[in-house]
Amino acid sequence: MSPSILVAVDDEAGPALRYAVDAARRAGCAVHLLHVVVPGSVASATGIGEQLLHAAAEQAEGLAGGLAPVSTELAHAGPVPDVIVQRATRARQVVLQRRSGPGHELTEGSTCAEVARRASCPVVLVPDPRQDTGPATDTALDDLAGLQVTPVGPGVLP
């Protein structure tokens, strides 16, 4: 089987998860769900991470309908962008949920910007339609020479 599509799961990854499963079904590959617990996090972070991964895996398996295997990984390392970039070396593609709205602007040091800048494979930033109200105006990715950013929405594959 070809390399998997890596999905970083932090809280509710609905649109990103749907995109990744759809892409994996089309490509005939697996979906690998990753949650990162940074060393020094509160004691409950591991349990919360396990719950997030379990819920995301159940959702992904339901969406895949048996056509794309789903695996999970709870990583105890950090910083988060470094872990995702390292795992991306074995992935076909990385899919991240892009947050927007007040307090979620894409900034120079954001996880999305760092992963898009440094990953060795294509990175797809999926907006959450409940939070996105218009076209992307993020400037943190402007310095990525040669990067073509294609907006995606629910059910749309670039």
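Look up: the structure comes first, before these words.
Draft legend 1. Representation of the overall build of the chain within the structure. For the chain, the helix and strand inventory stands at four helices and five strands. Each helix and strand of the chain, placed in order from N terminus to C terminus, yields the pattern β-α-β-α-β-α-β-α-β. Residues classed as buried in the chain amount to 44% of the 158 residues present. Taking the contacts inside the chain whose residues are at least 6 apart along the sequence as the reference set, 80% of them involve residues at least 24 apart.

Draft legend 2. Here's a closer look at the nonpolar core. Counting residues in each nonpolar core, the largest one holds 22 residues, and the members touching the most others are I5, V7, L33 and V95. At the level of elements, β1 (4–8), α1 (14–27), β2 (31–37), α2 (45–64) and β5 (123–127) are the ones that each hand at least two residues to this core. Element by element, the count of residues in this core is highest for α1, at seven residues. The residues touching I5, leaving out its near neighbours within four places in the chain, are A20, A23, A24, C29, A30, V31, H32, R92, Q93 and V95. Formed by 17 residues, the second largest nonpolar core is a distinct cluster that contains L34, A75, A91 and C112.

Calculation notes
Residues numbered from 1 in each chain as written. Predicted model: local features only at pLDDT ≥ 70, side-chain atom pairs only at ≥ 80, totals over all residues. Heavy atoms only, no water. Helix = DSSP H or I, 4+ residues; strand = E, 2+ residues; numbered from the N terminus. Buried < 20%, exposed > 50% of the residue type's maximum accessible area, 1.4 Å probe, protein only. Contact = heavy atoms within 4.5 Å. Core = buried A, V, L, I, M, F, W, Y, C linked by side-chain atoms within 4.5 Å.

Limitation: the analysis is restricted to geometry and does not speak to function.
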